[in-house]
Amino acid sequence: RRRRCCITRTAIMKLKEVERTAVQSWSPTGHHPICLAAGTSAQQLDASFSTSAALDIFVVDFKDPSLEMKCRGSFSTANRFHKLIWGSFGNGVIAGGGDNGVITLYSAPQSLSSVNEPAIGHVEKHTGPVRALDFNPFQDNLLASGANNSEIYIWDLNNFKMPMTPGTKSQPPEDVRVVAWNQQVQHILSSAHSSGKAVVWDLRKNEPIIQVSNHSNRMHCSGMAWHPEIATQLVLSSEDDCLPVIQIWDLRFAASPLNQLEGHTRGVLSLSWCPADSDLLLTSSKDSRILCWNLCTSEVVYEMHTPTQWCFDAQWCPRNPSVFSAAFFNGWLCLYSVMGGSLEAQQKSQADKISSSFSHVDPVGVGQSPLPLQVPEGVAQVVLIPPLKKPPRWIRRPTGASFAFGGKLITFGHTKALVQPESQMVLQQVFISQVTTEAEFLARSRRLQEALKSGALLDFCQKKIKAAREPSDENVWNFLKVNLEPECRTKQLELLGYSKEDLQKKVDSYLGNGVLDKQPPPEAADLVQTTQAVQGLKNPTGKAASSAHFFDDLLLKERSALEIPVSADTDGLISQALLLGDIPSAVQLCMRADRFADALILAISGGEKLLQETEKQYFSQKKTKISPLLSAIVHRSWQEIVCTWDLQSWKEALAILLMYSKPKECGKFCDILGARLESNEGKALSDEACLCYISSGNVERLVECWVKTHGTASPLALQVKIKIGFNGDYLPAAGFT
């Protein structure tokens, strides 16, 4: 039970923390290093009941594993702050809204240096506390502010004394909780009021142009933000415990909310739209939870529990979008990561900090230093840090490029200039451009593309064969050509020098084809006598007929009676084994007596297993020049052929594979043979290896071997490589895989 509670309590990675009861503001995106401004919060007291006010600037160093943030600048202020915002005007300016309508401007560089007085501007134009401030993202010298009685002013920092108004005050008068500039249109400003309504102002017309509100009138607005990319959408949050919702409005359909997020159980205190990923919205609530929403699916993708405190302000870090800050009512300002991590190092550093604080204390009065504080092992082992469920946009690949066939360059990326205000998403464009470095190379590539489109690959290969200067190039193109033709195996054998027609002629010549072993023709007289004898046989009469019966009786007399030997010699033992049905013993006797034909005939009747054993024994006993060839064909031992045969006989090995092996296994053994040829010392057999790879249809190995042999220093060699590889795509269609 104790371990389960520990997991729940430390399930989120805390990066930094500082004890301040303060409102906060991050430094702009262009500011380096990352800083966080913290001003003493109005209407809040710490445990000391101090009424002093200060503005502190902290430098955030994520390389430091400790939880502490280093304070770079700190100075007292006359007023506490309801709102703090950091703009990029000049070298950086911090604006703070306080009680009694006070707005104070501070120079960011002077605040960091703590040399000169940082306050550079001070006005008291508003009535009541200034709770709303925002800098224009297009004109950083424009500052919008809001306070009580529906007061909204536009300040020009170049002339800070004379503000402008966006138009007539909205009625009835009420507190302005938030003012926000549109992120796409520079002259559009919106204000959110405590009654739940939001007013959109057009500064060109100096009047409000639209107003959205919840029809139930129960929504007490606590936050508002414009969509970072879609100009017509904004989000409102309600701090009412009876209606703890976040509403997404589209001004084109302002009759009702576009969507409503219902995940909090009590009122929402703040919201922050991620500037680096418009799908992510961060909210904090009085239910002691900080949630991150995926607005595309309306689901919670990140959740942080703060069971002992409420977060009244959560903000994304503009420069490092995986980090957000949270200000709590208990007087702590903390930084967290949405990407997960470990807390073990932080717990150790915290323990070291506590130990060092009491290093001078003698706990037992024996003159010994206290033992260092140990972090319980169970706590460090069970820490689980869940990251975002949705991959954020800032870790996706923003741009990319790739070269394609024919000198094409493919690039993609975001094009912000083409994003329209009414767009629903950031456009991604793919560009195809032509890169011309070698005109001859591209001309040959175009000819190959034309051959591919027209299907005239055979003619293309034939032209390459005629134009080949080296025998190796001619062999490569010949093999590529026959792979595109029907009956490619037979034609590959012909290229290797083995033709069935030529073999038949050689066999007929050797056997004489009925000519070499014929008897000489008979003489004429002999022919006459033979003819008369035949005629006499056809018409037997008298003595001739009785002579025929004589020869029949003679044939019967010449037939001897069947005798089965059972002696102790080889024939007798074989006979006895056959009489007993012991065919394996009979086969062994025949093999011992070198009667291989008798052994094979008997093994056929003894079953397939006996036949295989007999064949194996025969090949082990009978050693001739062609015995390995016969054994490989009979036993289909292609592995032995490609791994053990002399590489000088590679043509014969490839011919056996093409003739006898199955199509599914032919490619594998051709690759093995090619690898042996390729690994041979020197380059003498690399071209032959290419032919093996062509026979197997292995384009990758073919290209690698070709490059190793011919290199790619010249565009022409590279062209040959590309063409071979491209034509190789047609090898599977020819029956090779």
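Worth saying up front: this structure is predicted, and the values here are computed from it rather than measured.

## As for the pattern of salt bridges
Phase 1: Under the defined criterion, the tally for this structure stands at 18 salt bridges.
Phase 2: Between Lys-286 and Asp-241 there is a salt bridge, and its shortest N-O distance comes to 3.0 Å. Here the residue Lys-286 occupies a position in the loop between β23 (280–285) and β24 (289–294), and Asp-241 occupies one in the loop between β19 (233–238) and β20 (246–250), the gap between them amounting to 45 residues.
Phase 3: Classification of Asp-241 by relative accessible area gives partly exposed; the value is 32%.
Phase 4: Measuring nitrogen to oxygen at the nearest pair gives 3.2 Å for the salt bridge that ties Asp-287 to Arg-289.
Phase 5: Given the relative accessible area of 14%, Asp-287 is considered buried.
Phase 6: For Arg-289, a relative accessible area of 14% gives the class buried.

## Remarks on the sheet that holds β24
Phase 1: With antiparallel pairing, the 4 strands of this open sheet are ordered in space as β22-β23-β24-β25. Of all the strands in the sheet, just β22 (268–273) and β25 (299–305) have a single pairing partner and so form its edges. Ignoring strand direction, the axes of neighbouring strands in this sheet form an average angle of 20 degrees.
Phase 2: Here 5 bridges tie β22 to β23, and the two strands are oriented antiparallel to one another. Looking across to β23, one finds that Ser-270 is bridged to Ser-284.

## Side note on the packing of helix α13 (residues 583–592) against helix α14 (residues 596–605)
Phase 1: The geometry of α13 relative to α14 is characterised by a closest axis approach of 8 Å and an angle of 165 degrees between their N-to-C directions. The angle between α13 and α14 places the two elements in the roughly antiparallel class. Read as a crossing pair, α13 and α14 show a hand that is left-handed. Contacts between α13 and α14 involve Ile-583, Ala-586, Val-587, Cys-590 and Met-591 on the former and, on the latter, Phe-596, Asp-598, Ala-599, Leu-602, Ala-603 and Ser-605.
Phase 2: Looking at the contact of α13 with α14 residue by residue, the classes come out as 9 nonpolar, 1 polar and 1 charged.

## As for the side chain of Lys-197
Phase 1: For Lys-197, the location among the structural elements is in the loop between β15 (188–193) and β16 (198–202).
Phase 2: A polar contact of 3.4 Å, which involves the side chain of Lys-197, links it to the backbone oxygen of Gln-171.
Phase 3: Excluding residues that lie within four positions of it along the chain, Lys-197 makes contacts with Ser-170, Gln-171, Glu-174, Ser-191, Ala-192, Gln-211, Val-212 and Ser-213.

## Here's the deal with the side chain of His-227
Phase 1: Considering the arrangement of structural elements, one finds His-227 in the loop between β18 (221–226) and β19.
Phase 2: By relative accessible area, His-227 is classed as buried at 8%.
Phase 3: Looking at His-227, its side chain comes within polar contact range of the main-chain nitrogen of Glu-229, at 2.9 Å.
Phase 4: When residues no more than four places from it in sequence are discounted, the contact partners of His-227 are Gln-183, Gln-233, Leu-234, Trp-273 and Ser-278.

## Quick look at unusual backbone geometry
Phase 1: His-32 connects to Pro-33 through a cis peptide bond whose omega is 5 degrees.
Phase 2: Mapped onto the elements of the fold, Pro-33 is located in the loop between β2 (22–26) and β3 (35–40).
Phase 3: With omega at -5 degrees, the peptide bond leading from Gln-171 into Pro-172 counts as cis.
Phase 4: Position of Pro-172 relative to the elements: it lies in the loop between β13 (159–164) and β14 (176–181).

## Considering the packing of α14 against helix α15 (residues 608–621)
Phase 1: Following both chains from N to C, one finds α14 and α15 inclined at 160 degrees, their axes separated by 8 Å at the closest point. With respect to α15, the element α14 is oriented roughly antiparallel. Between α14 and α15 lies a crossing of left-handed hand. For the pair α14 and α15, the contacting residues are Phe-596, Ala-599, Leu-600, Ala-603 and Ile-604 in the first and Leu-610, Leu-611, Thr-614, Glu-615, Tyr-618 and Gln-621 in the second.

## Side note on the packing of aromatic side chains
Within a pair of aromatic rings, the relevant descriptors are the distance that separates the centres and the angle that separates the planes.
Phase 1: Applying the stated rule across the entire model yields 11 aromatic pairs.
Phase 2: Aromatic side chains Trp-316 and Trp-394 sit 6.4 Å apart centroid to centroid with 70 degrees between the ring planes, which places their arrangement in the edge-to-face category. Residue Trp-316 is located in strand β26 (residues 311–316), and its partner Trp-394 is located in the loop between α4 (377–381) and β29 (399–404); the two are separated by 78 residues in the primary sequence.
Phase 3: Taking the relative accessible area as the measure of exposure, Trp-316 reaches 4% and is therefore buried.
Phase 4: Here Trp-394 falls in the partly exposed class, since its relative accessible area comes to 23%.
Phase 5: Counting every residue linked through ring pairs, the aromatic cluster contains Tyr-302, Trp-316, Phe-324, Tyr-336 and Trp-394.

How each quantity is defined
For every chain, the first residue of the written sequence is number 1, and numbering continues from 1 along that sequence. Per-residue local features of the predicted model are confined to residues with pLDDT of at least 70, and side-chain atom pairs are confined, for both listing and counting, to 80 or more; whole-chain, interface and lining totals are unaffected and use all residues. The side-chain figures draw on all heavy atoms in the structure; neither hydrogens nor water molecules are used. Within this document, salt bridges are pairs made up of a side-chain nitrogen of Lys or Arg and a carboxyl oxygen of Asp or Glu, the two lying within 4 Å of each other. Helix and strand assignments follow DSSP, with helices taken as H or I runs no shorter than four residues and strands as E runs no shorter than two, numbered in order from the N terminus. In this scheme, a residue with accessible area under 20% of its type's maximum is buried, one over 50% is exposed, and one in between is partly exposed, where area comes from a 1.4 Å probe on protein chains only. Pairing between two strands is assigned when DSSP locates at least 2 bridges connecting them. Axis angles are defined between N-to-C directions and span 0 to 180 degrees, where every axis is a line fitted to C-alpha atoms and, for a helix, only to the segment in contact. The scheme is simple: roughly parallel for angles under 35 degrees, roughly antiparallel for over 145, roughly perpendicular for 65 to 115, oblique for anything else. The sense of a crossing depends on the near helix, which, turned anticlockwise from the far helix by less than a right angle, makes the crossing left-handed and, turned clockwise, makes it right-handed. Any two residues whose heavy atoms approach within 4.5 Å are treated as being in contact. The residue classification treats Ala, Val, Leu, Ile, Met, Phe, Trp, Tyr, Cys and Pro as nonpolar and Asp, Glu, Lys and Arg as charged. All others, Gly included, are polar. Within 3.5 Å is the distance limit for a polar contact, defined as a pair of N or O atoms, with the added protein rule that one can donate a hydrogen and the other accept it, and that residues adjacent in sequence qualify only through two side-chain atoms. Here is the rule: rings of Phe, Tyr and Trp (six-membered ring for Trp) pair when centre to centre is within 6.5 Å. Planes less than 30 degrees apart are stacked, more than 60 are edge-to-face, and the remainder are tilted.

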